Amino acid sequence: MTSPSLPWSRRAFLASSAAVGAALTVGVPGPASAASPSTSGSASASADDEFAQLRAKWRALYLGEGFSPTAEPFKSKLAGLGTQVKAWQEAMAPDTGSLWPDAVFGDPDPDTDTESYGYSEKIQTSYERVRSMAEAFCQPGTGLTGDASLKTAVLTAVDHLSTQVYNKSQTQYGNWYNFQIGAPQRLLDICVLMYEHLSAAQLTAAIEAVDHFVPDSLVASYSGTSTGANRIDLCRVLALRGILDGTAAKVALARDAVAPVFPYVTSGDGLYADGSLIQHTYVPYTGSYGAVLIDGLSRLFALLGGSTWAITDSGRQIFLDSVEAAYAPFLHDGLAMDNVAGRAISRGLVATDTLKVQQDDHSRGHGIIASILLLGQGASAEENARWQALAKGWFTRDRYSDVTSGRTLGVAALSRVTALLGDTGVKAGAEPAGHRMFPSMARAAHRTSRFTASVSMSSKAITFYENGNGENVRGWHTGSGMLYWWAAGDSAGGGQYSDGFWPTVDPYRLPGTTVSRKALADGEGGTWGAARPATTWVGGATDGTYAAVAQDTRGLSSTLRAKKAWFFLDDAVVCLGAGITSTDGAGVESVVDTRNLGASGTSRLTVDGRTRAAALGSTSTLQKARWAHLAGHGGYVFPGGSALTALREERTATWQSINGGGSTDPVTRRYVTLLADHGTDPADASYAYVLLPGASEARTAMRAADRDWVDITVNSAARQGVQVPSLGLTSAVFWEPGTVGRVTVDAPLIVQIRERRDGTATVCVSDPNRAVKSATLIWRRPVTSVTSKPGSVTGATTGQELKLTFGDLGTTGGRTQKVTVKLT
């Protein structure tokens, strides 16, 4: 699904346009173009020039510009490309049903079953190799630049694939994606890169094949597989197909077909007003399909910008706004959080041909950030400046994966990034601080100067997890309250979930989750997001700094029920669970945390000041733990004391165990896990703990000794709440109407009240169920006046207490309703 992010600039476009017909001969009609209308009149000549310029622009977008092929990391990357391409060239053996013996695309029984999916994927694989061969021919420094034998091999390969499988007479089989997006994108890239060397017959065959598999009708309706990132991929195909032979109508169609992607959606695939981004109807996908979306749009904006077909639809600003509203909240020190990457989390170390390519949250993050830089060139000067500062900050703070190593980006994207990093006029920007709720995709993201965290939940509208095509077959509990966190300056350098985590972690013990140990089958619950809990309650209330978040947790294919709540603060997350019930005949656990120590980590675990679970394979069970600390990671406080199980283990697995296309090489990682063990078939069990990311042992012990810092006012299946006096914070989750402290509501709501030292307060309310038709909130605290309120507030009474009445909250989409008041 992914494709490399590639740069472009207006200055480079002008330079490249001036060079059309010069050294690169991009867009110069070769033998194929003798019959082209190039001199029949000034209008046609002008149009031909514009298409030549667009081909030159795409070539620069693909190959990059402004870098030295003799400087690192470009020198090594280009040499590596040449070495790989040379091996492919030597191994190429055109035969019936294949171009390479290890990439057979000829399907003896073509249909749409799993076997046919495998054959159709090899069409894309074959074109991918040929595109790399074309790139090695065009790029400097590969050792094969302009090589005559390589050119012959590329042209031979194009002819063979055209004759064998990708032509106007072939019937589609296997995966639609390979025929409509994967193969044509790569074929068209090859045609642009090798334009001057292709014959008229070869160009015509390519165009006819694309027209056959990607007809205009695919973008006639914004539905099915023609939405979101897929729609942009299709538009890229249509645009390049039109540019290839100068068919203006195709380019215009591509431009116009982009427009349905821009407006906010209220269901299904697309971008939501709250910043959520959904693909496959039920899957939060900012970090994977969203990466494809921003990559594709940034390149289409760059390609068509300044041309007759520039994308000027008024909705484009919605997407530009998404950089800071949808993407930035899930980018942290160079990585893109895994909880918005769907099944892509399982790709890790993927065997591709003779290479093993590492994919992780950092490689996905680097690609998105590079796309943001390209998109910025078509945004306002103010937006571009902000995004450059953010990008520089993200990259320079990435201690796990140095982007300048060249590991994560292609040459073109890397050229854009290194130019930014070398620009002393751009100062590195800080992480965007604060809390963001994404009710439409059951996610929350929290940032302070001390740590970053994000929680993943699920509901009728959002899947437990996505698996498909044999990928992510054990991601069962990733939507059951998994809590990701990164402390400032943590010992893993931001690699907690990057370093072999997904194949080796116990999939029943993901951090923050409450799950049944009932055994689940690979792919349990169905593919493509089919597995969803029968609950609508998921969401939170936030003032933009702090938040109260809650999930009505249901077990995947189990009877498990739990009420889970998280209260996000300055240096801590208070985590509560109640009403934990199950009748599966299996054990139930709430995972306080599971920390990846790497391949040989020995971080010391202390509980109440004593070393515990020190040796690999050891387990410690404590009946009344007050606090725990894991060196280099952070601390945990258990208000009032709690039973705690701590274990240290070494786990070995392969990426193939969670993804059929993954590497078979064994991966070993060490873990320390802290558990609240609720036993078999618990009834109304509970837990309470405070996570302190990055805290020292001394600070953890001091926080545990401070009995007044946090008051857990209630923790039951009906209501959960906390008060933090030092922050003036009162937060409560009302699963049922009732009273918590001085707050009473007559409907199921989440409430957060923050009193400030300036004599004002903010009352935040949300309806996670999106079903409350009317509600009343009473805060027994003297209030002088209401200074601001949303339209959902139908009445407000002040005096000795505050009384707020709300109208239909079901129409608010689960978003926080914020009321500000002046205190007496």
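In case you missed it, the structure is sitting above this.
Residues numbered from 1 in each chain as written. Predicted model: local features only at pLDDT ≥ 70, side-chain atom pairs only at ≥ 80, totals over all residues. Heavy atoms only, no water.

Engineer: Provide a residue-level description of helix α6 (residues 176-193), including the pertinent values.
Structural biologist: In a regular helix each residue adds 1.5 Å, so 18 residues correspond to 26 Å; α6 covers 25 Å between its end C-alpha atoms and thus fits that length. By the largest-angle criterion, Ala183 marks the main kink of α6, which is about 35°, and a proline, Pro184, follows within four residues. If you check the start of α6, you find a side-chain oxygen 3.0 Å away from the backbone N of Tyr177, and it comes from Asn175. (Helix = DSSP H or I, 4+ residues; strand = E, 2+ residues; numbered from the N terminus. Expected span 1.5 Å × (residues − 1). Bend = angle between axes of the 7 residues up to and from the residue. Polar contact = N/O pair within 3.5 Å; in protein donor to acceptor, adjacent residues only side chain to side chain.)

Engineer: Let's hear about the nonpolar core: which residues, and what values?
Structural biologist: In this structure, Val130, Val154, Tyr166, Met194, Leu293 and Leu297 are the most contacted members of the largest nonpolar core, which totals 121 residues. If one sorts the elements of this core by residue count, helix α10 (residues 289-304) sits on top with eleven residues. Among all residues touching Tyr166, those that are not within four sequence positions of it are Tyr127, Leu161, Phe179, Ala183, Pro184, Leu187, Ala209, Val210 and Phe213. Residues Ile278, Ala344, Trp485 and Val672 belong to the second largest nonpolar core, which totals 67 residues. (Core = buried A, V, L, I, M, F, W, Y, C linked by side-chain atoms within 4.5 Å. Buried < 20%, exposed > 50% of the residue type's maximum accessible area, 1.4 Å probe, protein only. Contact = heavy atoms within 4.5 Å.)

Engineer: Talk me through the side chain of Arg509; I want residue IDs and the actual numbers.
Structural biologist: Tracing the backbone through its elements, the reader meets Arg509 in the loop between α15 (501-504) and β12 (514-516). Those residues in contact with Arg509 that lie beyond four places of it in its chain are Arg517, Glu589, Val591, Thr594, Leu647, Thr673 and Leu675.

Engineer: So, the sheet that holds strand β2 (residues 277-279): which residues are in play, and what are the values?
Structural biologist: The strands making up a sheet associate through backbone hydrogen bonding, with each pair oriented either parallel or antiparallel. Strand order in this open sheet of three strands is β1-β2-β3, and the pairing throughout is antiparallel. Two strands bound the open sheet, and with one partner strand each, they are β1 (270-271) and β3 (283-284). Relative to β2, β1 runs antiparallel, the two being bridged by two bridges. Directly across from Leu271, in β2, lies its bridge partner Leu277. (Pairing = 2+ DSSP bridges.)

Engineer: Go over the packing of helix α11 (residues 316-327) against helix α12 (residues 361-376) with me, naming the residues and quoting the values.
Structural biologist: One can describe the packing of α11 onto α12 by two numbers: an axis separation of 11 Å at closest approach and a directional angle of 150°. Relative to α12, the element α11 lies roughly antiparallel. Between α11 and α12 lies a crossing of left-handed hand. Contacts between α11 and α12 involve Phe319, Leu320, Val323 and Tyr327 on the former and, on the latter, Ile368, Ile372 and Leu375. In terms of residue class, the contact of α11 with α12 is made up of seven nonpolar, no polar and no charged. (Axes fitted to C-alpha atoms, helices over the stretch in contact; angles between N-to-C directions. Parallel < 35°, antiparallel > 145°, perpendicular 65-115°, else oblique. Left-handed = near helix turned anticlockwise from the far one by under 90°. Nonpolar A, V, L, I, M, F, W, Y, C, P; charged D, E, K, R; others polar.)

Engineer: Residues and numbers for the pairing of strand β23 (residues 685-693), please.
Structural biologist: Of all nine residues in β23, eight are buried, a share of seventy percent or more. In terms of strand pairing, strand β16 (residues 573-581) meets β23 through six bridges, oriented antiparallel. Within β23, the residue paired with Cys575 across the bridge is Tyr689. Across four bridges, strand β21 (residues 634-654) lies against β23 in antiparallel orientation. By the bridge assignment, Gly634 is partnered in β23 with Pro693.

Engineer: Describe the pairing of strand β29 (residues 749-755), listing the residues and the values that go with them.
Structural biologist: Along β29, six of the seven residues are buried, which leaves the element largely enclosed by surrounding structure. Note that strand β26 (residues 729-734) and β29 share six bridges and pair antiparallel. Residue pairing across strands places Leu729 opposite Arg754, the latter belonging to β29. In terms of strand pairing, β29 meets strand β30 (residues 760-766) through six bridges, oriented antiparallel. Opposite Gln752, over in β30, you have Cys764 as the bridge partner. The antiparallel pairing of β29 with β30 creates a hairpin that spans four residues between the two strands, and Gly759 there sits at a positive phi of about 85°.

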